[in-house]
Amino acid sequence: MFVALVAALAVLPPSRSFAQPVETLLSGLDYPWDIEARAGAIYLTEKAGTLGIYEDGKLNRMPVETSVPVLDDRGGGLLGLALRPDFAESGRVVLYQHYGTPDARLNRVIEAERTGQGWRETRVLLDGIPGHPLYNGGRVAFGPDGMLYVTTGWTERRDRPQDLDSLAGKILRVTADGAIPDDNPFPGSPVWSLGHRNPQGLAWDDTGQLFAAEHGQSALDEVNRIERGGNYGWPLIQGDETGSGMRAPLVHSGRDTWAPSGLAFDGVNLLLAGLRAKGVLVIAPQDGAILEAVSLGERIRDVLVIDGDVYAITTNRSPRRDGASNDRLIRLER
């Protein structure tokens, strides 16, 4: 279906086009999950528990020392990464960590700093986020307001996404120190929006509007325009369905499956990393129109824009299977 989508979109005039061929910057990765950049270096997590720095053509892969072990099992492990706004001074990062046991899974958000040839946890910012073999959310990102946003999965519990007392199936918002902001929509709660299934992408446009990418249930994947206190309906509505007080997606995949993960804004459009789609979708933030679909033939986990170029990482092993994943960091010139 994705090949057909590419052909159908060939007649559309996207505002920017991807050049070919794709350049492989780094191979030999094993299930990378997030990429961020600062001062000419690219930082990337691998879910087994490492945070590496790619610089001058070389990767320095370093372990992350945590107060409780990373549970690297199925879709869980060391997932999302965000560089603190004061990273140049503090050298500290924020990480989303899966932990516990296969029978009792949890997630938490931690802060870490570099120590020699590794990273060490410095404090826990959020804890007690319900875990699941597949549906953990996992993205962390600082918004233009300086706040930390966190995506969490529904954990296959239908009651949790609509329950404000549960951290599952939500987008959370806290300060850089883990405190609950006074202007959050629900007093005393880190919940920013609810009714999510498995959101794994966050991006802001140049007006400060937040967007999120979310896995649907057997297709019906979504990109949502996120509003303060918004309810995005899961599991009560999906796709084109409506419900009182619930928000429809900006765009959804219909009967196709994108399996969306990372999301980025390139200054004009949203770039969506597709695992099942095996490529990158270019989406207009104004109306959700899909302007371009770039087939790369690999499961794309995250996407990042640096100086007009698009960087992406693959996770070619499904979380439903065991074993190593043969992955790479690539660049697509615009």
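It should be noted that the structure appears before, not after, this text.
In this convention, every chain numbers its residues from 1, walking through the sequence in written order. Under the rules for a predicted model, residues below a pLDDT of 70 receive no local features and side-chain atom pairs below 80 are neither given nor counted, while totals for whole chains, interfaces and linings still include all residues. Hydrogens are left out, water is left out, and the side-chain values use all remaining heavy atoms of the structure.

The next thing to look at is the overall build of the protein chain. Put simply, DSSP marks the helices as runs of H or I at least four residues long and the strands as runs of E at least two long, and each gets a number from the N terminus on. If you tally the helices and strands in the protein chain, you get two helices and 24 strands. A 1.4 Å probe rolled over the protein chains alone gives each residue an accessible area, and that area as a share of the maximum for its type sets the label: buried under 20%, exposed over 50%, partly exposed in between. Buried residues in the protein chain amount to 58% of all 334 residues. Contact definition: two residues touch when any of their heavy atoms are within 4.5 Å. Sequence-distant contacts, at least 24 apart, represent 54% of the contacts inside the protein chain between residues at least 6 apart. When the accessible area of the protein chain is evaluated, it comes to approximately 13,300 Å², of which 47% is carbon and sulfur surface. Within the protein chain, the 44 negative side-chain charges are centred at a point lying 4 Å from the centre of the 34 positive side-chain charges. Every accessible area reported is derived by Shrake-Rupley at a probe size of 1.4 Å, with residue values counting cover from the shown protein chains alone. Here the positive residues are Lys and Arg and the negative ones are Asp and Glu; neither His nor the chain ends is included. Charge placement uses NZ in Lys and CZ in Arg. For Asp and Glu, CG and CD serve respectively.

All right, on to the packing of aromatic side chains then. In summary, the pairing rule links any two rings of Phe, Tyr or Trp, Trp by its six-membered ring, whose centres are within 6.5 Å, and it sorts them by plane angle into stacked for under 30 degrees, edge-to-face for over 60 and tilted for everything else. For the coordinates displayed, the defined rule picks out five aromatic pairs. Look at Y135 and W154: their rings are 6.3 Å apart centre to centre, the planes differ by 40 degrees, and that puts the pair in the tilted class. Taken together, the residues Y135 in the loop between β9 (119-130) and β10 (140-142) and W154 in the loop between β11 (148-151) and β12 (170-174) connect sequence positions 19 residues apart. Neither Y135 nor W154 differs from the other in exposure class; each is buried. Plain terms: the ring middles of Y149 and W192 are 6.0 Å apart, the flat faces sit at 90 degrees to each other, and that makes the pair edge-to-face.

Moving on: the nonpolar core. Among buried residues, those of type Ala, Val, Leu, Ile, Met, Phe, Trp, Tyr and Cys that are joined through side-chain atoms within 4.5 Å constitute a nonpolar core. In terms of nonpolar packing, the biggest core is built from 19 residues, with V94, Y96, V109, V140, L148, V150 and L172 touching the most fellow members. Where this core is concerned, the elements lending two or more residues are β6 (78-83), β7 (92-101), β9, β10, β11 and β12. The next biggest cluster of nonpolar side chains, apart from the first, holds 16 residues, and it includes F211, L250, W258 and L263.

Mapping L148 onto the fold places it in strand β11. Exposure remark for L148: the relative accessible area of 0% places this residue in the buried category. The spacing of L148 and G267 is 119 residues in sequence and 21 Å in space, taken between C-alpha atoms.

Let us look at the environment of A293. Secondary-structure assignment places A293 in strand β21 (residues 290-295). Sequence separation of A293 and L281 is 12 residues, and the distance between their C-alpha atoms is 4.5 Å.

All right, on to the pattern of salt bridges then. The working definition used for a salt bridge is a side-chain nitrogen of Lys or Arg within 4 Å of a carboxyl oxygen of Asp or Glu. Overall, the coordinates contain 19 salt bridges when judged by the stated rule. Between D34 and R139 there is a salt bridge whose closest N-O contact spans 3.2 Å. Here R139 lies in the loop between β9 and β10 and D34 lies in strand β2 (residues 32-38), a separation of 105 residues in the sequence. R139 carries the same exposure label as D34, and that label is buried. Here E298 and R328 are joined by a salt bridge, their closest N and O atoms 2.6 Å apart. Linking E298 in the loop between β21 and β22 (300-306) with R328 in strand β24 (residues 327-332), this pair joins segments that are 30 residues apart in sequence.

Looking now at the pairing of strand β19 (residues 270-274). Among the five residues of β19, five are classified as buried, and the element is accordingly described as predominantly covered. Covered by surrounding structure in β19 are L270, L272 and G274 together with L271 and A273, the residues of both alternating faces. The criterion for strand pairing is that DSSP finds at least two bridges linking the strands in question. Relative to β19, strand β18 (residues 260-265) runs antiparallel, the two being bridged by four bridges. Pairing of L263 across the sheet is with L272, part of β19. What sits between the antiparallel neighbours β18 and β19 is a turn of four residues, in which G267 has the positive phi angle 100 degrees.

To continue, consider the sheet that holds strand β15 (residues 210-215). Pairing is antiparallel across the open sheet formed by four strands, whose spatial order is β14-β15-β16-β17. The open sheet is flanked by β14 (198-204) and β17 (251-252), the only strands paired with a single partner. For strand β16 (residues 222-226) and β17, the ladder comprises two bridges, and the chain directions are antiparallel. Considered in β17, the bridge of V223 is made with V251.

With respect to the secondary-structure elements, R160 resides in the loop between β11 and β12. It is D159 that comes nearest to the buried, bridge-free R160 among opposite-charge side chains, at 5.2 Å. Not counting the four nearest positions on each side in its chain, R160 is found in contact with P130, W154, T155, S166, A168 and K170.

Counting buried positions along β24 gives five out of six residues, so the element sits mostly inside the fold. Relative to β24, strand β1 (residues 23-29) is paired through five bridges, and the arrangement is antiparallel. Bridge pairing in β24 places L29 opposite D327. For strand β23 (residues 309-314) and β24, the ladder comprises four bridges, and the chain directions are antiparallel. Following the sheet pairing, Y311 is matched in β24 by R331.

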